[in-house]
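Reading the structure
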2 protein chains.
Amino acid sequence: MTTDMPPLPEFDLYGFTPYRLAVAAKRTSEELARQYRDRFGISIPEWRVLVHLAHSGEVSVRDIEARVAMEKYEVSRAAKRLREEGLIERRENPADRRLVIMSLTPKGHAMMADLLPMAKAHQQDLENRLGLAFRKLEVGLEALLKDQI
Amino acid sequence: MTTDMPPLPEFDLYGFTPYRLAVAAKRTSEELARQYRDRFGISIPEWRVLVHLAHSGEVSVRDIEARVAMEKYEVSRAAKRLREEGLIERRENPADRRLVIMSLTPKGHAMMADLLPMAKAHQQDLENRLGLAFRKLEVGLEALLKDQI
DNA sequence: TATTGTTATACTCTATAACTATA
DNA sequence: TATAGTTATAGAGTATAACAATA
């Protein structure tokens, strides 16, 4: 029903940055999540933990929580599943027995040896497809993430 | 446990574009979702439907589904809640009685008259905070969204 | 037979906070 | 008393598909 109220201001949802970011992130993540799940049987939280372990060697839950945009409970649950799959192992930190030390098992190491080159190829493919726009996207995201917006 | 396997390739999660997009979108959406909820009592799906109605006047579920990155059931559920709040109304399309015609009520119109300027101000604030990086982000997102990556 | 829209259902993700163990 | 980590639980969000009404 058309009202006789004053017209609303113009607003372009497609030009609204939070909307664009949400759509872009959803598409990108879904594509990747499908690959991780189908090929390796892991979720995105599990992938983040594995990457951090591949990079940092031996870390605690707290280390990951602080660096990988995950809550403590998420890290803990992801780690539990990864242990059940035999991809990571855990032992006590003798210096502070509240802390755990997590690391890749040989099986986890082998999987990451397959997985990481694929992720690098995916990133490279993205860069190729976006061409010059890729560097601009990076600069924009850098500013957004740095300013805690 | 350090293994004697060949070292894994370097991989920087913080430089991985899907990760950065996910973190950026999450932060941006959460901030906004809180504002919509606290000030207007609506969710993001409801907000998307309202914006589309404010812009397009009278539309069907199908119209919104096609244009606002939402599934049919999401639109339908959001519309139901908005009707219950008295923000939108609905009637049958006489030309095709399977279609509904949704439009803002005066109450919904009044709310959007408050809400849209706030969204515009938020967008403007984002642009100001990002400065030169804003246009680069836009170019990057444009390329990403256009190429269906 | 196909399309629009709604809804039941199940599933997953996310968040809170209670809990154990240790410092 | 504070911190690390785990887990129970609840809530929100998401997806599938079955359904009624209409074309």
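In every chain, residue numbers begin from 1 and rise along the written sequence. Chains carry letters from A onward and ligands carry numbers from 1 onward, assigned in written order. Owing to the predicted nature of the model, reporting of local features is limited to residues with pLDDT of at least 70; listing and counting of side-chain atom pairs is limited to 80 or more, with chain, interface and lining totals taken over all residues. Heavy atoms throughout the structure, all of them, feed into the side-chain values; hydrogens and water do not.

- As recorded by an unreviewed UniProt entry, chain A carries the name Organic hydroperoxide resistance transcriptional regulator and is attributed to Yoonia vestfoldensis.

**Considerations on the protein's contact with DNA strand C**
- Close to DNA strand C lie 19 residues; Tyr73 of chain A together with Arg62, Lys72, Ser76 and Arg90 of chain B are nearest.
- Among the atoms of DNA strand C close to the protein, meaning within 4 Å, 63% are from sugar or phosphate groups.
- Arg98 of chain B places a side-chain nitrogen or oxygen 3.1 Å from a base oxygen of DNA strand C.
- Counting from the N terminus, the helices are the DSSP runs of H or I reaching at least four residues and the strands are the DSSP runs of E reaching at least two. Counting only elements with at least two residues in the surface near DNA strand C, the list comes to helix H4 (72–84) of chain A together with helix H3 (61–67) and helix H4 (72–84) of chain B.
- The element contributing the most residues to the surface near DNA strand C is H4 of chain B, with five residues.
- Residue composition of the surface near DNA strand C, by class: five nonpolar, two polar and twelve charged. Here a residue is near a molecule or strand as soon as one of its heavy atoms is found within 4 Å of it. Nitrogen and oxygen atoms within 3.5 Å of one another constitute a polar contact, given that in protein one can donate a hydrogen and the other can accept it, and given that sequence-neighbouring residues count only through two side-chain atoms. By the convention adopted, Pro, Cys, Tyr, Trp, Phe, Met, Ile, Leu, Val and Ala count as nonpolar, Lys, Arg, Asp and Glu as charged, and the other residues, Gly among them, as polar.

**Notes on the interface of chain B and chain A**
- The contact rule is simple, with two residues in contact once any of their heavy atoms fall within 4.5 Å. The partner chain A presents 70 residues to the 70 residues of chain B that form the contact.
- Two parts lose some accessible area (1.4 Å probe) when they are put together, and adding that loss for both gives the buried area. With both sides pooled, the region where chain B packs onto chain A buries about 6600 Å², and carbon together with sulfur makes up 67% of that total.
- Think of a salt bridge as a Lys or Arg side-chain nitrogen and an Asp or Glu carboxyl oxygen that are within 4 Å of each other. A salt bridge links Arg20 of chain A to Glu142 of chain B; its shortest N-O distance comes to 2.5 Å.
- Looking at the side of chain B that touches chain A, the elements that each hand over two or more residues are helix H1 (17–40), helix H2 (44–56), strand S1 (88–92), strand S2 (100–104), helix H5 (106–130) and helix H6 (132–146) of chain B.
- Of the residues forming the side of chain B that touches chain A, the biggest block, 15 residues, is contributed by H1 of chain B.
- Residues that form the side of chain B that touches chain A fall into these classes: 41 nonpolar, 14 polar and 15 charged.

**A few points about the protein's contact with DNA strand D**
Residues and elements named next belong to chain A.
- The immediate surroundings of DNA strand D are formed by 19 residues, with Arg62, Lys72, Ser76, Arg77 and Arg90 found nearest.
- Backbone sugar and phosphate groups make up 63% of those atoms of DNA strand D lying within 4 Å of the protein.
- One of the side-chain N or O atoms of Arg77 is found 2.7 Å from a base nitrogen in DNA strand D.
- Take Arg90: an N or O atom from its side chain is 2.2 Å from a phosphate oxygen of DNA strand D.
- A per-class count over the surface near DNA strand D returns five nonpolar, two polar and twelve charged.

**Quick notes on the packing of helix H2 (residues 44–56) of chain A against H4 of chain A**
All names here are of chain A.
- Orientation is described by axes fitted as lines to C-alpha atoms, over the contacting stretch for helices, and by angles from 0 to 180 degrees between their N-to-C directions. Two elements in contact, H2 and H4, have axes whose closest approach is 9 Å; the angle formed by their N-to-C orientations is 85°. The angle between the axes of H2 and H4 places the two elements in the roughly perpendicular class. For the pair H2 and H4, the contacting residues are Pro45, Glu46, Val49 and Leu50 in the first and Val75, Ala78, Arg81 and Leu82 in the second.
- Here the contact of H2 with H4 is built from residues that sort into six nonpolar, no polar and two charged. Small angles under 35 degrees read as roughly parallel and large ones over 145 as roughly antiparallel, with 65 to 115 read as roughly perpendicular and the rest as oblique.

**Details of H5 of chain B**
- The end-to-end C-alpha distance of H5 of chain B, which contains 25 residues, comes to 36 Å, matching closely the 36 Å that a straight helix rising 1.5 Å per residue would cover.
- Here the bend at a residue means the angle between the axes of two seven-residue stretches, the one that ends at it and the one that starts at it. A bend of about 25° at Ala113 of chain B is the largest found in H5 of chain B, and the proline Pro117 of chain B appears one to four places after it.
- Every buried residue belonging to H5 of chain B is among Gly108, His109, Met111, Met112, Leu115, Leu116, Ala119, His122, Gln123, Leu126 and Leu130 of chain B, and all of these are buried.
- Its buried side turned inward, H5 of chain B meets helix H1 (17–40) and helix H6 (132–146) of chain A together with H1, H2, S2 and H6 of chain B.
- Backbone geometry just after H5 of chain B places Gly131 of chain B at a positive phi near 60°. In this scheme, a helix's expected span is set at 1.5 Å multiplied by one less than its residue total. Buried residues are those whose accessible area, probed at 1.4 Å on protein chains only, stays under 20% of the maximum for their type, while exposed residues exceed 50% and partly exposed ones sit between those limits.

**Brief notes about the environment of Ile101 of chain A**
- For Ile101 of chain A, the position within the fold is in strand S2 (residues 100–104).
- Residues Ile101 of chain A and Val68 of chain A, 33 residues apart in the sequence, show an inter-C-alpha distance of 17 Å.

**Overview of a positive patch on the surface**
- Exposure above 30% relative accessible area and the lack of any salt bridge qualify a residue for a patch; like charges then connect within 9 Å, and the nonpolar side chains Val, Leu, Ile, Met, Phe, Trp and Tyr within 5 Å. Per-residue and other accessible areas were derived by the Shrake-Rupley procedure at a 1.4 Å probe size, with only the shown protein chains allowed to occlude residues. All tallies of charge rest on Lys and Arg as positive and Asp and Glu as negative; His and the ends of each chain are not included. In plain terms, the charge of a residue is placed at NZ if it is Lys, CZ if Arg, CG if Asp and CD if Glu. The grouping of Arg135 and Lys136 of chain A together with Arg135 and Lys136 of chain B at the surface amounts to a positive patch.
- Mapping Lys136 of chain B onto the fold places it in helix H6.

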